[in-house]
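Letter by letter, the chains look like this.
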Protein chains: 4
Amino acid sequence: MTVPRKLRCAMVGGGRDAFIGRIHRHAMALDGRIELVAGALSSQPEKALASGRDLGLRDQRNHGSWQALLAHELSLSAEERVDVVVIVTPNDVHYEVAKAFVEAGFHVVCDKPLVHTSAQADQLVRAVAQRGTVFGVTYNYSGYPMVRQAREMVKAGAIGEIRKVIVEYHQGWLATRLEQGANKQAAWRTDPARSGVAGAIGDIGSHAENLVATVTGLQIESLCADLHAFIPGRRLDDDASLLLRFRGGARGVLLASQIEAGCENDIRLRVFGSTGMLDWRQEEPNTLVHAPIDGPRKLFSRGSPGLSEAARRACRLPAGHPEGFIEAFANIYLGIAADIDARLAGTASDPLVADYPRIEDGARGVRFIERTVASAASERKWTPMA
Amino acid sequence: MTVPRKLRCAMVGGGRDAFIGRIHRHAMALDGRIELVAGALSSQPEKALASGRDLGLRDQRNHGSWQALLAHELSLSAEERVDVVVIVTPNDVHYEVAKAFVEAGFHVVCDKPLVHTSAQADQLVRAVAQRGTVFGVTYNYSGYPMVRQAREMVKAGAIGEIRKVIVEYHQGWLATRLEQGANKQAAWRTDPARSGVAGAIGDIGSHAENLVATVTGLQIESLCADLHAFIPGRRLDDDASLLLRFRGGARGVLLASQIEAGCENDIRLRVFGSTGMLDWRQEEPNTLVHAPIDGPRKLFSRGSPGLSEAARRACRLPAGHPEGFIEAFANIYLGIAADIDARLAGTASDPLVADYPRIEDGARGVRFIERTVASAASERKWTPMA
Amino acid sequence: MTVPRKLRCAMVGGGRDAFIGRIHRHAMALDGRIELVAGALSSQPEKALASGRDLGLRDQRNHGSWQALLAHELSLSAEERVDVVVIVTPNDVHYEVAKAFVEAGFHVVCDKPLVHTSAQADQLVRAVAQRGTVFGVTYNYSGYPMVRQAREMVKAGAIGEIRKVIVEYHQGWLATRLEQGANKQAAWRTDPARSGVAGAIGDIGSHAENLVATVTGLQIESLCADLHAFIPGRRLDDDASLLLRFRGGARGVLLASQIEAGCENDIRLRVFGSTGMLDWRQEEPNTLVHAPIDGPRKLFSRGSPGLSEAARRACRLPAGHPEGFIEAFANIYLGIAADIDARLAGTASDPLVADYPRIEDGARGVRFIERTVASAASERKWTPMA
Amino acid sequence: MTVPRKLRCAMVGGGRDAFIGRIHRHAMALDGRIELVAGALSSQPEKALASGRDLGLRDQRNHGSWQALLAHELSLSAEERVDVVVIVTPNDVHYEVAKAFVEAGFHVVCDKPLVHTSAQADQLVRAVAQRGTVFGVTYNYSGYPMVRQAREMVKAGAIGEIRKVIVEYHQGWLATRLEQGANKQAAWRTDPARSGVAGAIGDIGSHAENLVATVTGLQIESLCADLHAFIPGRRLDDDASLLLRFRGGARGVLLASQIEAGCENDIRLRVFGSTGMLDWRQEEPNTLVHAPIDGPRKLFSRGSPGLSEAARRACRLPAGHPEGFIEAFANIYLGIAADIDARLAGTASDPLVADYPRIEDGARGVRFIERTVASAASERKWTPMA
C-alpha cells in the first residue's frame, strides 16, 4: 500500500459567517487527504483576507478575489499549485468561477445547484469534457453509506421493478421572513439575483432530485409542479410539491418546503418496487429500512457486516457508532480525491472509490429546476423534462 | 347517573368471510352499549342465515335479505324493533339499503365510501334531513383519541394558521393481482360494478380526505390528480397522488396507494401551520407529535393528563396501555349511540360525546372521489371541487 | 363449524371506580364469547348493587356480597348457573373468594398477584387439582400476539441458547404520595393489609416475572433484590431492582418501579441468546424485534403473514391495524373460554387456543414475590427461589 | 478574535490495524486545531515506522518506541516540541507511558480505562498535580452535545431530585470466541495481562460509569455486582450486571455486556428524578428525551435553539444535520485543546470550552472496576466503593 500525498486545495467563498464553506472544510479535514493551502474566501477583499488568516492561510496564498487566486496559482510550479479548487460562494458566482478554473485546467468541487441556467450548465459540461478535469458537485446526501446501500440494493433487484418514488425534504427555518433580518443565508437564498429562478426547489428540491436519481437511476419524463411563496413579500418559492412521471412507467412525488415550522432537515426517500420497499431518512441516517413483500421488515445498519461493497467502503466506524452529515460529506470528498489521485497517477480510478456526483448530475439538477419553474407557471398538468 | 338501555341493532352484510362486518361487531361489543339482535348478513340467503346462526341471532330475526329484515322490523313494536341498522355490504349496495331504512325512520350506520355518485349522496342527505334520523359514516380513523386531540389543537391555534397539509395512506396488499384468486376483498374492491368509479382513491383515499377535513376543517378548492393502475389488467386505480389547494390559501398533498409492497396500513397526517406542526401516524396511534416553531418537539400520549376534553373522552385506558383500531372504531359507535340516546330521550346530544362522521362527511367524500377521477382524466392542472 | 354458546359469567369486585374490573368487562365483551349475567361488584353492599344496575344486571343476580352470589348460583339449575366467576377485588380478598368458588366447582378467573402467601397459593393449587376446574390468572401481557410470537421463536431456537434476560417495568404514577388523596388504586396498592408484603414488586414486578417465564420457559434459581420506598411514609416498596440467576446458567435483570416520573406503562422484555436477540415493548406492542447475530434486524409485525400459529391465532386484525391492551387481555379470556368450552363438551382443549396463564403461574408469582422480599431483607447476595 | 496556533501532537500506539488510534486521528483532524507531527505508533518498531509513514510523519519524528519519541522530543526546542501526547496503546502500557510524559512536562491524552490499578491511578494523579499539566481521558461519550444538555438540565433541576439511574451498554461483538481468531481487538481485550482484571466491565462498563458520573454528578456509595464469562474459555468477564447505591440515597442499575448477539453499541442512560426523566441513547445521539411529570414528553434536538450553552457549544451543525461518534470524540479534543491553549497563553481556561474528562475521572473509573471485581467475588450483597 502506497499512501498518496495529500492534495492541495484552494477555496473560493466560505469566509466568516458562511455556513457551507465551514462544512466543506470539516469534510476535507476529516480524513486528512486534502489540505487547504490557498483561498479567496469572500467577494469582499477585506473579509476574504481576514477569513483566510483565521484559517491559517499563508499571506501569499490568501487572496482578496478569485481572479487574484487564479493568477497566483497559475504562476506557481506544479509542485506548489493547488490540485483542486472548491467553490462555495452563493449560486450566482458559481458559473464564472467554475468556468475560469476548469479552463485553466484545475480540478473543481462546486456546491449545488451548479449554476443558474441550463445554457450555463451545458457550457460547463463541455468545458470539463474538453479539459478532462475532475468536477464534483456536492450533492452531499449521496455520500451517506445507507444511501449507497439503497442504490446497490435497487440495482441488485432487491425490490423488483420500481413503481413509485416518494422523496420529501422538509425544513422550517424559513417559516418566518428571516431574510429581513441579519441572516445572510436567508438573504441570498431568497434573492432571485443571487439564488436564481428558484427558492426552495433550487436549494433543497435539487437535493431531493439528486437523491432519487442516485438511488433509482430513473429519469424524470414529465412533471407537474405547484410552487408557492407562503411568506408575504418573499420573491422566490418557499414550498414546492411535484408529481413525477419517470421514463419506463414509474411515478413519483417530490416535496420540498422551507416553511414547515417545527421541521429541521428532514429528507426522506422511499422507493416502492414490485417486491418491496426501501426507506431512508437523513435524520436517522445510519439505518436503511427494507420491507420485502413476503417477510418481516429488515433494518440494515451502517457499519454492519453484509452490506454492499459500495456502502461498506463509505463507513469509517463499525455499526452502532453513528456517523453523520460531515462524514457523508467527507465521502464525497474521498471520491473526488480518489479520482484526482488516479489522474495524477495516470491510472483509471476505481469506481467503488471514485463515487461522487459529477458535473452531469449538476447539469441535470439545473434542468430540473428550470422545468419545475416552467411547470408551476403552466396551466397544463404535465411539463416534459426534455 | 342513569345508564341508558342497550341499543338494539341489525346488520346488513358482514357475513362469513367479510372483513369489515366483523370489525363493526367488535366495535359495537366493546363498550356494551349496542346489541346485535337482527341481521341480513349476506346477499346470498343461505349464507346470510348461516352467518346469523354463527352469531347467535334468533331465527325469526335472522333474514335472507335486507328487504325481509326491513319488513319484519316494521312489523315489530317499538319495544322490540331495532334502533339502528348497520350497513356493511360492498359499496354498490349501500345506496338502496340506506335509503330504504332511512325512509322507514331507522337510524343508520353505513360504511364508507357512502355511495357511488354525488346524485345518490345528495338524495340520501335530503332523506336524512327529512326524517331527522341519525346517520353515521364509519370513517373510523376520526375515532382515534389523538386525531381528536390534533383537531382540538388546530382549533385552539396551537400551530397558528395552516399552510400545508400532507396526508398519506400506504398499503401493499394489492401489490399483486390478488383479485384473480379467492380473495373476496380484492375481488369486489377492484370491480367497477361494485366498488364504483374509483379503486384506491375510493377505498382508502376517502379515509385520507376525511382525516384532513376532520382535523383541519379546511375545504378543498381544487385538486390535481394522477391515478394509475400498476397491476396489468386491473380496472380501477390502485395508486393515487394528488396536489390540493384549499380555500383560504393552504396547500396540500394526498397520497393513497395499495400497491406499495411492504406497507401495511400506514396512514399519516401532517399539518403544518405558521407556528408549528402536528404529525399523527395510525400505526403508532397512541402518540401525537407537536413540533412548535420555538421549542422542543412534544409527544402527546393518549390517556395522559392535559389532553383536550374531546380526546380525553375518547380514551378508555390510561397512558401506556395502548388502544388501537377497534377502540377507535368503537368511539365512532359511542358517538352514534349517544346521539341516538338523545333522540330517544328527546334531549339535545352533547357534541363532545356525539362525535362521529355524519352523512354530510360521507357525501363530501363521494364528491371528492368523483372530482379526483375527473381530474385524473383531464389535461388541465387544476380541477375545481365545486 | 359449530359455534359454542356464550358462557355465563359472574364478577366479584370491579364496581364503580374500579380500574381492572372495567378492563375485564371490555375484554370479555370484545369477542362476544362471554356474557356477564351476575355479580357482587363491591364489598360495600350498596355500592355493589348500584354498580350492578349500571351494568344492566337483573336484580336477582345482582348481589351485595360474594357469599350471597355463591349461595344464589348454587340454587340455580345448570342451564342458568354461571360457568365462570371473575375475581377482580383487591388482592387480600382473592384467596377466600377463589377458594370458595373453586370448591363449589366453578371455573374461575382471578387477577394477579394470585394471593398473599405461598401457603395460600399451594392450597388453591390443590383445590383446583381436586375439582379439575379451569383457573386462569390474568397476567394479561402474555396475551399479546407478539409475546406469543417471541415465545414460539425462543422455542424454535431462533436465538439459540438463552444467556441473558432483561425485563423492565417502568411506571411513574406513584411518583408522588398519591395514596394520601382520593386515589383508591393508590390507596390499596400501598397498604400492606390489602396489597400484601410487596408494593411495586407485587403489582407490576409479578407481571415482569410472568413475562419472562412465559417467553423463555426459564426458572429462576436465585435472586438478589434491592427494594426501596422512595416516597416518605410509604409502607411498601415502590421501586425494585433484581439480579437473577436461572437454572441452566442464564442470567437476568428484573426492574420494576412505580416512582419513575414521566413513565407510563413501559414494560419491555429483551432475551439474548447465543445467536440473536428478541426485544418487545408493550407500549409498541404490534412489533417484535429480532436481531440475529448474522444479519439485519427484523421487525415482525402482528397480523402479518409468516407468524407462528400461536401468534396468528391471537390476532383479530391484519397488520397495520393496531391492537392493544384490551385485545391482549381478551386473548386471555378467549383461551379460558376455549378451555371451559372443552370441559363442557367433554373434549380435550386445543393448546393453541387454550393459551392462558394457569394457577401454577399464579402460585409461582406469589413465591417470586415472597423470595424477593426475603432477599431484600438479607445481607447475602443470593437468595434461592426454592 | 485571535485564532490560536495549531497544537502539535505525538501519538503513542494506534498503528496499522488499531481501532481507537484511527478514531483519535479523525477526531483531532475534524476541527483543524491539532496536528499530528510525531509518533511511536506501535510497540513493534518496524510496524511503528511503517504506520508513521502511512500517516505522512517525517522520518525524524517517526519513532520505533515511545522512549525514543520522548528522548527526541526533549531534544527539541519549545517551538518544535509537541504540545500534547496521545496514548492509545492497549491498557497495560498506559501507565508507564503516561507517567513518563507527564513527568517530562507534556500534556497528555490517554484512552480509557486509565491504568490497571488504583495505586497506579493515584500515582498518576499526583504526578499530574505536581507538574500542573493537562491530562484528558477519552471517555468520549461525554462529548456528545445531548449528554452535556442532560448534565446541564440535571444541574438546573429539570427533573428534580434524582432517585434512580439506569445505565446500559449492550454490545454483541464478543458473542463468539473471537479472540481465538485474527481479531486483535478481541485478543488483547480478553487477555488479563493486557486488559487488566476486568473484561466487559473495564472496556465498556467504565464508559457507563463515567456517563452516570458526568450527567448526574452522583457518587457511588456501594455496589453489588454479578460478573460472568459466558464464552467457555474466556478469562475475563464478558457480561456484567450491577445494582448501585449512591451517596444521598439514589439507587441505580448498571449493565454492560459484550455477548449480546444482535446488539451493536447500544449505550443508554436514563435518569429518573422526582419531577421527571431524562433518556439518551448513543445510537440516536442527536435527541434527548425529557419526560416531565406533568406534561408531554419533549424531544430536545442537537443543534436546535434553546439548548444550554454547554450543549450549544458542542454542536458544529444546525438541527437535523446529524453529528455522530467522531464529532463527540472531537469535542473532547476541543476541550483539551482549549485547556492547553489557556496554559500556553497563561490565562484561565473557560470551563464551558475546556469541558473534558480529567485524570480524576480516569482514576475513579479504575477504582470502580476494582470494586466491581471485588463485589463479584463476594457473597455479601453490598461492597463499598471507598
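Residues numbered from 1 in each chain as written. Chains lettered and ligands numbered in written order. Predicted model: local features only at pLDDT ≥ 70, side-chain atom pairs only at ≥ 80, totals over all residues. Heavy atoms only, no water.

1. Observations concerning helix H12 (residues 359-377) of chain C
Look at H12(C): 28 Å from first C-alpha to last across 19 residues, which is about the 27 Å you get at 1.5 Å a residue. Those residues of H12(C) that sit buried are C:Ile359, C:Asp361, C:Gly362, C:Ala363, C:Gly365, C:Val366, C:Phe368, C:Ile369, C:Thr372 and C:Ser375. (Helix = DSSP H or I, 4+ residues; strand = E, 2+ residues; numbered from the N terminus. Expected span 1.5 Å × (residues − 1). Buried < 20%, exposed > 50% of the residue type's maximum accessible area, 1.4 Å probe, protein only.)

2. Brief notes about the nonpolar core
Counting 145 residues, the largest nonpolar core has B:Ile201, B:Leu242, B:Leu254, B:Phe368, C:Ile201, C:Leu242 and C:Phe368 as its most contacted members. Of all hydrophobic cores here, the second largest spans 143 residues; its members include A:Leu7, D:Val134, D:Ala225 and D:Leu288. (Core = buried A, V, L, I, M, F, W, Y, C linked by side-chain atoms within 4.5 Å.)

3. Describing the pattern of salt bridges
Evaluation of the coordinates by the stated rule reveals 148 salt bridges over all chains. Between B:Lys99 and B:Glu103 there is a salt bridge, and its shortest N-O distance comes to 3.2 Å. Here B:Glu103 and B:Lys99 lie together in helix H4 (residues 91-103), a separation of four residues that amounts to about one turn. Overall, B:Lys99 belongs to the partly exposed group, its relative accessible area being 23%. Note that D:Asp31 and D:Arg316 form a salt bridge whose closest N and O atoms lie 2.8 Å from each other. In this pair, D:Asp31 sits in the loop between helix H1 (20-30) and strand S2 (34-40) while D:Arg316 sits in the loop between helix H10 (309-313) and helix H11 (325-345), placing the two residues 285 residues apart along the sequence. (Salt bridge = Lys/Arg side-chain N within 4 Å of Asp/Glu carboxyl O.)

4. A few points about the relation of the copies chain A and chain B
Laying chain A over chain B is done by rotating through 180° and shifting 0.0 Å along the axis; what remains is an RMSD of 0.0 Å. Overall, the copies show the geometry of a two-fold rotation axis. No C-alpha of chain A approaches the rotation axis more nearly than that of A:Lys381, which lies at 2.0 Å. Of all interface residues in chain A, 100% are interface residues in chain B too; the two copies therefore contact each other through one and the same surface. (Least-squares fit on C-alpha atoms with pLDDT ≥ 70 in both. Contact = heavy atoms within 4.5 Å.)

5. A word on the interface of chain A and chain D
Put simply, an interface is often sized by how much accessible area is lost when its parts join up. Opposite the 31 residues of chain A that make contact, chain D presents 31 residues. Summing the contributions of chain A and of chain D, the shared interface buries around 2,500 Å²; its carbon and sulfur component is 61%. Across the contact surface, chain A and chain D share zero salt bridges. Listing elements by their share of the side of chain A that touches chain D, those giving two or more residues are helix H1 (20-30) and helix H11 (325-345) of chain A. (Buried area = accessible area lost by both parts, 1.4 Å probe.)

6. Considering the domain arrangement of chain A
All names here are of chain A. One can read the domain layout of chain A as domain 1 (7-141 + 330-358) and domain 2 (144-319 + 365-384). For domain 1 versus domain 2, the distance between C-alpha centres works out to 25 Å. Taken together, the contacts link 30 residues of domain 1 with 33 residues of domain 2. Considering only the surface of domain 1 that becomes buried against domain 2, Tyr139, Tyr141 and Asn331 emerge as the three largest contributors, covering 31% of it. Arginine 313 is paired through a salt bridge with aspartate 350; the nearest N and O atoms lie 3.2 Å apart. In this structure, the connection of domain 1 to domain 2 is made through 16 residue pairs in polar contact (both at pLDDT 80 or more). For the side of domain 1 that touches domain 2, the secondary structure elements donating two or more residues are helix H4 (91-103), helix H5 (118-131) and H11. With four residues, H11 is the single largest residue contributor to the side of domain 1 that touches domain 2. Residues of the side of domain 1 that touches domain 2, tallied by class, amount to 15 nonpolar, seven polar and eight charged. (Domains from an automatic or database assignment. Polar contact = N/O pair within 3.5 Å; in protein donor to acceptor, adjacent residues only side chain to side chain. Nonpolar A, V, L, I, M, F, W, Y, C, P; charged D, E, K, R; others polar.)

7. Focus on the relation of the copies chain A and chain D
Superposing chain A onto chain D takes a rotation of 180° combined with a translation of 0.0 Å along the rotation axis, leaving an RMSD of 0.0 Å. Mapped onto chain D, 100% of the interface residues of chain A are again interface residues, and the two copies thus contact each other with one and the same surface.

8. As for the packing of helix H6 (residues 145-155) of chain C against helix H9 (residues 200-216) of chain C
Residues and elements named next belong to chain C. Interhelical geometry of H6 versus H9 gives an angle of 45° and a closest axis separation of 7 Å. On the basis of their axis angle, the class for H6 and H9 is oblique. Between H6 and H9, the residues in contact are Val147, Ala150, Arg151 and Val154 and Leu211, Thr214, Val215 and Thr216, respectively. Across the contact of H6 with H9, the residue classes break down as five nonpolar, two polar and one charged. (Axes fitted to C-alpha atoms, helices over the stretch in contact; angles between N-to-C directions. Parallel < 35°, antiparallel > 145°, perpendicular 65-115°, else oblique.)

9. Remarks on the pairing of strand S3 (residues 84-87) of chain A
All names here are of chain A. With burial as the criterion, each face of S3 is covered, one bearing Val84 and Val86 and the other bearing Val85 and Ile87. Bridge analysis of strand S1 (residues 7-12) against S3 gives four bridges, and the strand direction is parallel. Bridge pairing links alanine 10 to valine 85 in S3. The handedness of the S3 to strand S4 (residues 107-110) crossover, carried by H4, is right-handed. (Pairing = 2+ DSSP bridges. Right-handed = clockwise from strand over helix to strand, strands pointing away.)

10. Re the pairing of S1(A)
Within a regular beta strand, the side chains point alternately toward one face of the sheet and then the other, so they alternate between its two faces. Residues and elements named next belong to chain A. For S1, the tally of buried residues reaches six of six residues, placing the bulk of the element in the interior. Side chains Leu7, Cys9 and Met11 of S1 all project onto a buried face; the interleaved residues Arg8, Ala10 and Val12 project onto the opposite face, where all are buried too. Summarising the sheet, S1 and strand S2 (residues 34-40) pair through six bridges and their orientation is parallel. By the bridge assignment for S2, cysteine 9 is matched with leucine 36. Assessed by its sense of winding, the connection that carries the chain from S1 through H1 to S2 is right-handed.

11. Section: the UniProt feature "domain: Gfo/Idh/MocA-like oxidoreductase N-terminal" (unreviewed entry) in chain A
Here the UniProt-annotated "domain: Gfo/Idh/MocA-like oxidoreductase N-terminal" (unreviewed entry) positions come out as residues 7-139 of chain A. Across residues 7-139 of chain A, the secondary structure splits into 44% helix and 18% strand, with the terminal C-alpha atoms separated by 21 Å. (UniProt positions renumbered as here; feature names shortened; annotations may be inferred.)

12. A few points about the interface of chain A and chain B
Counting residues at the interface gives 48 residues for chain A and 48 residues for chain B. With both chains or domains summed, chain A and chain B bury close to 3,600 Å², and 53% of this area falls on carbon and sulfur atoms. Taken together, chain A and chain B are joined by 12 salt bridges. With its nearest N and O atoms 2.5 Å apart, the salt bridge here joins A:Arg270 to B:Glu168. In this structure, the connection of chain A to chain B is made through 32 residue pairs in polar contact (both at pLDDT 80 or more). Put simply, the parts of the chain that give the side of chain A that touches chain B at least two residues each are strand S6 (162-170), strand S7 (220-228), strand S8 (239-246), strand S9 (251-257), strand S10 (266-273), strand S11 (276-281), strand S12 (287-292) and helix H12 (359-376) of chain A.

13. Regarding the sheet that holds strand S4 (residues 107-110) of chain D
All names here are of chain D. One open sheet holds the five strands; their spatial order is S2-S1-S3-S4-S5, and the pairing between them is parallel. Because the sheet does not close on itself, it has two edges, and the strands there are S2 and strand S5 (135-137). Across the sheet, the axes of successive neighbouring strands diverge by a mean angle of 20°, strand direction being ignored. Where S4 and S5 come together, three bridges link them in parallel fashion. Within S5, the residue paired with valine 109 across the bridge is glycine 136.

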